[in-house]
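Commentary on secondary and tertiary structure
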Amino acid sequence: MRKTLLTIILLVFNLLMSAQTAKEVLDKCAAVVSAKDGIQANFSMSSAQYGNASGKISVKGQMFCASTAVASMWFDGKTLWTYMAKNDEVSVTTPGESRLQTLNPYNFINLYKKGYKYIMTKNDKAFIVHLTANDTKRNVQEMFITVDKNTYHPSEVKLLQKQKWTTFTISSLKTGNLADDIFRFNSKDFPTAEVIDLR
């Protein structure tokens, strides 16, 4: 009985230490991604819900811009401009949390801090943190975040929404001195585009 109790205490202690370590890893990763001058990276997205895409992304605080062969997006923290090359149209919206989560792979910075429990595994090169929502009504029920052991750069973010997985693979991440203007649509760059305001 005493041995069993000791084993249970050790298991609980190990789980608590794992959760604490997972949060520390995510805190360090978030610090890298939240660099005040901004970051840029290449990405690819694979989604059962939204399809596949690849391109470049820039992030600075809440702002981001992303470009692919099919579409380009600019978000200045409030307004989202989405340019569709096929139609030569720009839609202007004020997106909600769920929409932003699917568009910006770096939104985990805000998500993991509240309402999730953590379990972490690791291999020779990376930490893999598995997050599960405490509330079944959360839009993102599960996340897997893979973080490089040496740089604390995120290399993959996998989200479960509406029983469907979306995976972002991130490479060539670097910090840069990014101007706020790059996170807003510039009509001079798309002079023939029709602007559709959906706000």
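Note: the structure precedes this text.
Report on the accompanying structure. All figures in this text were calculated on a predicted structure; none of them were measured in a lab.

By size, the foremost hydrophobic cluster in this structure holds 38 residues, and its most contacted members are Val-129 and Leu-131. Looking at this core element by element, the count peaks at 6 residues for helix α1 (residues 2–33). If sequence neighbours within four positions are ignored, Leu-131 has contacts with Leu-26, Tyr-112, Tyr-116, Lys-117, Tyr-118, Gln-141, Glu-142, Met-143 and Ile-145. Judged by nonpolar contacts, the second largest core, of 11 residues, contains Cys-65, Trp-74, Trp-81 and Val-92.

Once that is clear, we can look at the packing of aromatic side chains. Using the criterion set out here, one finds 8 aromatic pairs in the structure. The interplanar angle of 45° and the centroid separation of 5.9 Å between the aromatic rings of Phe-144 and Trp-165 together place this pair among those described as tilted. Remark: Trp-165 occurs in strand β11 (residues 164–175) and Phe-144 occurs in strand β9 (residues 142–148); sequence separation between them is 21 residues. Of the residues examined, Trp-165 reaches a relative accessible area of 28% and is grouped as partly exposed. One aromatic cluster is present, built from ring pairs that chain together Trp-74, Tyr-83, Phe-185 and Phe-190. The residue whose ring lies beneath Lys-149 is Phe-127, and the NZ or CZ to ring-centre distance is 5.8 Å. A cation sits over an aromatic face here: Lys-158 above Trp-165, 4.9 Å from the ring centre.

Next up on the list: the pattern of salt bridges. Evaluated as defined, the whole model comprises 5 salt bridges. The shortest N-O distance in the salt bridge between Asp-197 and Arg-199 comes to 2.6 Å. Arg-199 gets classed as exposed once you look at its relative accessible area, which sits at 57%.

Parameters at a glance
Residues numbered from 1 in each chain as written. Predicted model: local features only at pLDDT ≥ 70, side-chain atom pairs only at ≥ 80, totals over all residues. Heavy atoms only, no water. Core = buried A, V, L, I, M, F, W, Y, C linked by side-chain atoms within 4.5 Å. Buried < 20%, exposed > 50% of the residue type's maximum accessible area, 1.4 Å probe, protein only. Helix = DSSP H or I, 4+ residues; strand = E, 2+ residues; numbered from the N terminus. Contact = heavy atoms within 4.5 Å. Phe/Tyr/Trp six-rings, centres within 6.5 Å; stacked < 30°, edge-to-face > 60°. Lys NZ or Arg CZ within 6 Å of the ring centre and 35° of its normal. Salt bridge = Lys/Arg side-chain N within 4 Å of Asp/Glu carboxyl O.

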